[in-house]
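A structural walkthrough
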Amino acid sequence: MSRATTDERRTRRPGRIHVTTVRRTRRVTPRMVRVTLGGGDLSAFSSNGSDQHVALYFYEPGVRLPRPFTTEAARALLPTAQPRLRRYTIREHRPELAEVDMDFVLHGPEQLASGWAEHVRPGDELIWFGPSPAYPLTPLTDWTLLLGDETALPAIGAILGELPRGHRVLAAIEVADRAEEQRLPTRADATVTWLHRHDRDHGDLLREHATGLALPEGGGRVWGGGERRVMRELRHHFVHVRGLERTDTHLTAYWTQGETQDSEV
Ligand SMILES: Cc1cc2nc3c(=O)[nH]c(=O)nc-3n(C[C@H](O)[C@H](O)[C@H](O)COP(=O)(O)OP(=O)(O)OC[C@H]3O[C@@H](n4cnc5c(N)ncnc54)[C@H](O)[C@@H]3O)c2cc1C
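Residues numbered from 1 in each chain as written. Predicted model: local features only at pLDDT ≥ 70, side-chain atom pairs only at ≥ 80, totals over all residues. Heavy atoms only, no water.

Inspection of the secondary structure puts E99 in strand β6 (residues 99-105). A polar contact is formed between the side chain of E99 and the side chain of R23, at a distance of 2.7 Å. For E99, the residues in contact, after removing those within four places along its chain, are R23, R24, T36, L37, G38, L42, E92, H93 and R94. (Helix = DSSP H or I, 4+ residues; strand = E, 2+ residues; numbered from the N terminus. Polar contact = N/O pair within 3.5 Å; in protein donor to acceptor, adjacent residues only side chain to side chain. Contact = heavy atoms within 4.5 Å.)

Let us look at the sheet that holds strand β9 (residues 168-175). The sheet built from five strands is open, its strands ordered β10-β9-β8-β11-β12 with parallel pairing. Strands with a single pairing partner mark the edges of an open sheet, and in this sheet they are β10 (189-196) and β12 (249-255). The mean inter-strand angle of the sheet, taken between neighbouring strand axes irrespective of direction, is 10°. Pairing geometry for β9 and β10, over eight bridges, is parallel. Counterpart to L170 in the pairing with β10 is T191. (Pairing = 2+ DSSP bridges. Axes fitted to C-alpha atoms, helices over the stretch in contact; angles between N-to-C directions.)

So, on to the pattern of salt bridges. Close approach of charged atoms allows side chains with opposite charge to pair. A full pass over the atoms with the stated rule returns 20 salt bridges. Between R16 and D41 there is a salt bridge, with its nearest N and O atoms 3.5 Å apart. With R16 in strand β1 (residues 16-29) and D41 in the loop between β2 (32-38) and β3 (53-58), the pair connects residues that are 25 residues apart, well separated along the chain. With a relative accessible area of 28%, R16 lands in the partly exposed category. What makes D41 partly exposed here is its relative accessible area of 24%. Measuring nitrogen to oxygen at the nearest pair gives 2.5 Å for the salt bridge that ties E208 to R200. The class for R200 is partly exposed, based on a relative accessible area of 33%. Among the ionic contacts, a cluster of salt bridges with common partners joins R23, R24, E92, R94, E99 and D101. (Salt bridge = Lys/Arg side-chain N within 4 Å of Asp/Glu carboxyl O. Buried < 20%, exposed > 50% of the residue type's maximum accessible area, 1.4 Å probe, protein only.)

Quick look at the confidence of the model for the chain now. Overall, the prediction assigns the chain a mean pLDDT of 94, with 94% of residues at 70 or greater. The low-confidence segment residues 1-10, where pLDDT is below 50, has 14 contacts with residues more than four positions distant or belonging to other chains. (pLDDT = per-residue confidence, 0-100.)

Further remarks concern the packing of aromatic side chains. Scanning the model with the defined rule gives seven aromatic pairs in all. One aromatic cluster is present, built from ring pairs that chain together F58, Y88, F104 and W116. (Phe/Tyr/Trp six-rings, centres within 6.5 Å; stacked < 30°, edge-to-face > 60°.)

Another aspect to go through is the domain arrangement of the chain. Segmentation of the chain into domains returns domain 1 (9-130) and domain 2 (143-261). The gap between the C-alpha centroids of domain 1 and domain 2 is 25 Å. Approximately 1500 Å² of surface area, both sides summed, lies buried where domain 1 meets domain 2, with 51% of it carried by carbon and sulfur atoms. Among the residues domain 1 hides against domain 2, the three largest losses belong to R31, D51 and R91. Together they make up 34% of the total. On inspection of domain 1 and its partner domain 2, the count reaches two salt bridges. (Domains from an automatic or database assignment. Buried area = accessible area lost by both parts, 1.4 Å probe.)

In terms of backbone geometry, most residues other than glycine have negative phi values and most peptide bonds are trans. Going from R67 to P68, the amide bond is cis rather than trans, its omega being -5°. Note that P68 resides in the loop between β3 and α2 (71-77). Following T138, the chain continues into P139 via a peptide bond in cis, with omega recorded as -5°. Backbone geometry places S50, a non-glycine residue, at a positive phi of 45°. Inspection of the secondary structure assignment puts S50 in the loop between β2 and β3. Its identity as a non-glycine residue notwithstanding, H198 has a phi of 50°, on the positive side. By the secondary structure assignment, H198 is in the loop between β10 and α5 (204-212).

Looking at the ligand, there are 24 residues lining it, with R86, R87, D103, T256 and Q261 nearest. A distance of 3.0 Å separates an oxygen atom of the ligand from a polar atom in the backbone of S114. The separation between an oxygen atom of the ligand and a polar main-chain atom of T256 is 2.6 Å. Contact with the protein chains covers 90% of the free accessible surface of the ligand, which is 920 Å². For the shell around the ligand, the elements supplying multiple residues, two or more each, are β4 (84-89), β6, α3 (112-119) and β12. Sort the elements by how many residues they give to the shell around the ligand and β4 lands first, with four residues. Residues that form the shell around the ligand fall into these classes: nine nonpolar, 11 polar and four charged. Here the shell around the ligand spans two domains, and each of domain 1 (9-130) and domain 2 (143-261) adds at least three residues to it. (Near = heavy atom within 4 Å. Areas by Shrake-Rupley, 256 points an atom, 1.4 Å probe, with all protein chains shown as cover. Nonpolar A, V, L, I, M, F, W, Y, C, P; charged D, E, K, R; others polar.)

Laid out in structure tokens, this is it:
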């Protein structure tokens, strides 16, 4: 089956507004908080799997939202109240409990989404739109390379959790230091390399490691998420230096140094 045909088969269940309630929070590592969201609304959540993400909606305080708050209601509100949007990955979906986890990197208490996650309490509301389509894991190539910083850790964890037994995976993840490493359960034949940034510039280690990697034999593909400039450089490297097909490289800007996500969405 051709890649195009498979891509067309990608799960593309349309997203919609979800009104959810924080059930609990947990520090996964010193700089990562896991927010578990639930609510009756999530019994209708259609998971697309893999690296699916959603857009969190942050309205100005004082905006009165009509109830029930539906996709149509959000659309009707747009001329008078536009939310600020932030993209986050569904780390895990537990349909039997009607709940999802999202993992937030804590990069500053003053920042919109990061600050929200740092101060959020059980019972608080979170509205989001999604999910997006997901990165298709089939057809399987001989190997998969996963690259990212901590913002991509939820997606890398979800992808590793879905890849089949024995599939060859190399993963390299840049985090602040050893305390930010996480367990990433997988049935795949995965070698995970943790890169500890310490006082190096963001993305330097990931770029150095990825461009010096010996790739396995056969045909493979690269998935990555991280800072915009780093992802652009890696895309250039894998396509123009290593000769991978552009369609086999999926490297996404997850954030941009010095810019808020207001300018991107
Ligand atoms: C598809 C997709 C999925 C994503 N999934 C996740 C996820 O699951 N978990 C997660 O934590 N993030 C994830 N991100 C990244 C997240 O959306 C951005 O980090 C976002 O900018 C955070 O919003 P904010 O309001 O906290 O900061 P913003 O208001 O957007 O930015 C404020 C300042 O902080 C800087 N900044 C933003 N992010 C970081 C960072 N990580 N480290 C250092 N400085 C930063 C910006 O350059 C800016 O100067 C994802 C992004 C995309 C596109």
